Amino acid sequence: MLHDLLHLTITGRDVLVPVYVIAGFLTLWTLAGPLRRRPADRAALFAVLVRLGALVAGAGIGLLLVWWVGDVQDAFGVAFTPVTRGWFAFGCAVIAMWLVVLVQGGWSRRIVGLTAVCAVALSVGLGINVDFGFYKNIQQAIATNPYPSRTLPLKPATVPDGSVVEPASWHAPAGMPTRGEAVSVRIPGTVSHFHGRKAVVWLPPAARTANPPTLPVLVALSGQPGQPADLFQTGALDQVLNRYAAAHDGLGPIVVAPDQLGAPARNPMCVDSRRLGRAASYVMIDTVDWVKQHFRVASGPNGWGVVGFSEGATCAMQFSTARPDVFGSALAISSELVPTNGDEHHTIAVGFGGSAAAYRAAAPVAIMQRHGRYQDHLTVFGVGGADAPYKVSTATLRAAAEHAGMQTALVVSPGSAHDWNTVRYVLRNGLPAVLTHMGLPGTGATR
C-alpha cells in the first residue's frame, strides 16, 4: 500500500480535480459562513464583505510579493508564469481571509477556515508543481536519489579505448537486458578535492553485456537547486534513452550525471575557485578520468557529449566551448550567458576572487571568441517558447556558436517556460541529433 501511495501520480486529474474541488468548496464555505446562520442580517453581510475584501487584498499582496521576489530581486533566476503567479495569489488570498476569520471569532469558523487554508496550500503546491513539471509522484518529492548504490569494477587493462562501435557491425547478444539501468555511484574528487554527492550512471543494455562495445559518453548536469538524479527522475532522460536503445539493438550512450553543485543550494558555477571549490576540475578531470577507468568508451571528442539544464546548461556551454578536445557535442537547455551566483558583484567575489576580468573571460561567448573556429562540433540549444529571457540568451549563444564555426540546432518547447516541461520536450526532440553526432544510429525525435 505504501509503495502504491509513493508512486501515486500527483499531476493527473484523478488527484488534482478532487483537491481543487475541495479547496474551492471550503474557500466558498468559509467566505459565506456568516450568511448561513443569519442570511438577512446586515452584520452577517458586512462580515462576508470584509472577508471578500481580505481575499482581494490578499491576492494583491501575493501578486506584489511574486513581482518583488521574482521580477525585481530575481531570487530564483526565472520569470514566473501567469499560472504560478495566479496560484500564489490565490494562496495568499485565502490566508488573508482566514486571518479575518480569526479576528471575527467563532471556533468552528476558525477551524473550517484553517481547513480551507490547508486544502488551498495543497492545491497551490500541486498547481505550481504541474506548471513547473517537476514532481510526477510522491516518491520524487521525498527521494533525492532513488537509484541503488553500486561500486563498479575497473575496466580490464586489456580493453582498449577507440572509436564508437559501428552500428552495422553490432548485434545484440543472447540474454542482453531489454532496458538500461541507472545506478548511484561515488566519483571521488581525487584531483579537485571537490565533495560531490553520489553521481547517477545510466548503462544502456549493450553496456550490460559480458563483452560490451565501445560506446559514447554523455555527461549530464542538473540545474540549481538540484541533484544528479533530476535529469532522470524529473527530466525522464532514462525513458528517452530506453526507447532509443529498444530501437537500436540496445545501443546508447553511457550517461554519467556527476554532482557539480555539492549541495542543492550551492552553486560553484562550474569554475575552480577558493571559496566555492574546484567544481570545474571535478567534472573535467575527476569525472572524465573515472569514466575512462571504468568503461569501454570512445577516446576522442566525437564520442563525448554534455547535456545540462539551466545552471547545468551554462556549465555545458562552458565545458564544451573551452574543451572541444573532450566534448564534441553539447545539448544546452535554457543556458545563461554567464556563470551566475546572485548578482554580478557577488558572483565575481565568490567565484572569481574579485576579478571582473576573470568573470568576463568565463562567459561561453568570450570563450568561443578566444578559441576561434571549431571543427566538427555540434551544439543543440533548447528553450521554452514562453521563456522570454532565456530565448534571448539562447539566441545570443547560438549566434556566437555559428560565428565560431559550430554546427547548431534549436529546439523550442511550445508553450512552456523555464521548467521541466521544457526539459522533457527538448530531450525528446534534441537529444537524437547529439547521439547521431556521437556516432550512434540516426533517428528522429524519441517520443
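Structure: above.
What counts as what
- Sequence order as written defines the numbering, with residues in each chain counted from 1.
- It should be noted that, the model being predicted, local features are given only for residues of pLDDT at least 70 and side-chain atom pairs only at 80 or more, the latter also being counted only at that level, while totals for whole chains, interfaces and linings use all residues.
- Only hydrogens and water are set aside when side-chain values are computed; all heavy atoms of the structure are taken into account.
- A run of DSSP states H or I qualifies as a helix once it reaches four residues; a run of E qualifies as a strand once it reaches two. Both are numbered from the N-terminal end.
- Here the term buried applies to any residue with accessible area under 20% of the maximum for its type, exposed to any over 50%, and partly exposed to those in between, with areas from a 1.4 Å probe on protein chains only.
- Here a residue-residue contact requires only that any non-hydrogen atoms of the pair lie within 4.5 Å.
- To pair, rings of Phe, Tyr and Trp, with the six-membered ring standing in for Trp, must have centres within 6.5 Å; the planes then decide the type, stacked if under 30 degrees apart, edge-to-face if over 60, and tilted in the middle.
- Each reported salt bridge corresponds to a side-chain nitrogen of Lys or Arg within 4 Å of a carboxyl oxygen of Asp or Glu.
- The criterion for strand pairing is that DSSP finds at least two bridges linking the strands in question.
- For a crossover, the right-handed case is the one in which the path from the first strand over the helix to the second runs clockwise, viewed with the strands pointing away from the viewer.

**Q** What exactly am I supposed to notice about the side chain of Ser222 here?
**A** By the secondary structure assignment, Ser222 is in the loop between strand S3 (217-221) and helix H8 (230-233). The exposure class of Ser222 is buried, given its relative accessible area of 2%. With near-sequence residues (within four places) excluded, Ser222 lies in contact with Gln227, Asp230, Leu231, Gln260, Leu261, Phe309, Glu311 and Gly312.

**Q** Any chance you could explain the packing of aromatic side chains here in plain terms?
**A** What characterises a pair of aromatic rings is the spacing of the ring centres plus the angle enclosed by the ring planes. If you walk through the whole model with that rule in mind, you get ten aromatic pairs. Ring centres 5.6 Å apart and planes at 35 degrees place the aromatic pair Phe25 and Trp29 in the tilted group. Of this pair, Phe25 and Trp29 both sit in helix H2 (residues 13-31), four residues apart, which is roughly one turn of the helix. The class for Trp29 is partly exposed, based on a relative accessible area of 37%.

**Q** When you look at the pattern of salt bridges in this model, what are you seeing that I'm missing?
**A** Applying the stated criterion across every chain yields a total of six salt bridges. The shortest N-O distance in the salt bridge between Arg197 and Asp259 comes to 2.9 Å. Taken together, the residues Arg197 in the loop between strand S1 (181-185) and strand S2 (199-203) and Asp259 in the loop between strand S4 (254-257) and strand S5 (272-273) connect sequence positions 62 residues apart. Residue Arg197 is classed as partly exposed on the basis of its relative accessible area of 21%. Overall, Asp259 belongs to the buried group, its relative accessible area being 1%.

**Q** What is the right way to read the pairing of strand S7 (residues 304-309) from this model?
**A** Across a regular strand the side chains alternate sides, sitting on one face of the sheet and then on the other. Most of S7 sits out of view: six of its six residues are buried. Residues Trp304, Val306 and Gly308 line one face of S7 and the alternating positions Gly305, Val307 and Phe309 line the opposite face, and both faces are buried. Bridge analysis of S3 against S7 gives five bridges, and the strand direction is parallel. By the bridge assignment, Val217 is partnered in S7 with Trp304. For S7 and strand S8 (residues 329-333), the ladder comprises five bridges, and the chain directions are parallel. Residue pairing in the sheet places Val306 in a bridge with Ala330 of S8. Handedness of the crossover is the feature at issue here: the chain leaves S7, passes through helix H11 (residues 311-322), returns alongside S8, and the resulting connection is right-handed.

Geometry only, nothing functional implied.
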